[in-house]
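# Architecture at a glance
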Amino acid sequence: MKKKTILDLRAMKSKGEKLTWMTAYDFPMASFAEQAGIDMILVGDSMGMVVMGYEDTIPVTMDDCISHCQAVRRGAKNTLIVGDMPFMSYQVSDESAVINAGRFLKESGVDAVKLEGGRRMCSRIKAIAEAGILVCGHIGLTPQSSGVLGGFKAQGRTVESARELILDAIAIEEAGAQFLLLEAVPPEVTEFIVSKLSIPVYSIGAGTPCDGQLIICGDMLGMFQAFTPKFVKKYANIAEVTVNAIKEYCDDVRNLKFPEDKHVYHISDDISEFEKLFKEFE
Ligand code: KIV
């Protein structure tokens, strides 16, 4: 499969083909996603909650993101990868935003970066885009500012909140973002935003009127056990399969059922030669 580019994303949008997008944080998941034919991977700062055990995404650092992006790139060489800019890697200034976005591309080989926030982040988006880096905007439920939002809450459910989202979406496109992610937004508002923009707009919990869907691997595969957002469909229960497999392994070891003869290496010289060797040490 050939790695998609922004031109493919635009072509898919104009043909009405839905893009498939999921998160991955490590080599095996990236390689599984590529084998399954996913169009795009996000190395989200959700790694903080899904694979690092934090309660939110705030503690995730640039170094964490770079090293996870490197592993994902090794696992999915032919897939378009978006690196998620962690909290405080772009909030302080346009200059630090460009430096950190550049680090992503130079040190981990991702193809694009994503950052959260609407109009207040437009000068960052503009600066990164002007440096020649593909940028994805992200509005709606923005987990890095969940404190200000009062928790992981859907956005755009009231007219006033929808107005803010529409203004943010338009400003993000004008600032130079090449695509946009809407998180936890009612489909009616999503549909209107999509009709107002010319860039591809993707959804995580924003319904079907988008150009494609994103899902978090830990949610769709049943690996993340703390909570399941309303917008998640579970396609597997890896936690259950894994716990059962480990229980079976423990059982086998305790009851001498593992390892079996087929799991050991056999000697290649005659046993009598080994007996002589062992005698030397008696
Ligand atoms: O970090 C992430 O996976 C994200 C999604 C929640 C959109 O930003």
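Residues numbered from 1 in each chain as written. Predicted model: local features only at pLDDT ≥ 70, side-chain atom pairs only at ≥ 80, totals over all residues. Heavy atoms only, no water.

### Considerations on the packing of helix 2 (residues 27-36) against helix 4 (residues 62-75)
Contact geometry of helix 2 with helix 4 gives a least axis separation of 7 Å together with a crossing angle of 40°. As summarised for this structure, helix 2 and helix 4 are arranged oblique, according to the angle between their axes. Where helix 2 crosses over helix 4, the handedness of that crossing is right-handed. Facing helix 2, whose interface residues are Phe27, Ala30, Ser31 and Glu34, helix 4 presents Ala71, Val72, Arg74 and Gly75. In terms of residue class, the contact of helix 2 with helix 4 is built from four nonpolar, two polar and two charged. (Axes fitted to C-alpha atoms, helices over the stretch in contact; angles between N-to-C directions. Helix = DSSP H or I, 4+ residues; strand = E, 2+ residues; numbered from the N terminus. Parallel < 35°, antiparallel > 145°, perpendicular 65-115°, else oblique. Left-handed = near helix turned anticlockwise from the far one by under 90°. Contact = heavy atoms within 4.5 Å. Nonpolar A, V, L, I, M, F, W, Y, C, P; charged D, E, K, R; others polar.)

### Side note on unusual backbone geometry
Going from phenylalanine 258 to proline 259, the amide bond is cis rather than trans, its omega being 0°. Position of proline 259 among the secondary structure elements: in the loop between helix 11 (238-254) and helix 12 (271-280). Positive phi outside glycine occurs at alanine 184, with the angle close to 55°. For alanine 184, the position within the fold is in the loop between strand 6 (179-183) and helix 9 (187-196). A positive phi angle is found at leucine 256, which is not glycine, with a value near 55°. Structurally, leucine 256 is set in the loop between helix 11 and helix 12. Residue class for leucine 256 comes out exposed when judged on its relative accessible area of 76%. (Buried < 20%, exposed > 50% of the residue type's maximum accessible area, 1.4 Å probe, protein only.)

Honestly, it's all geometry; don't read function into it.
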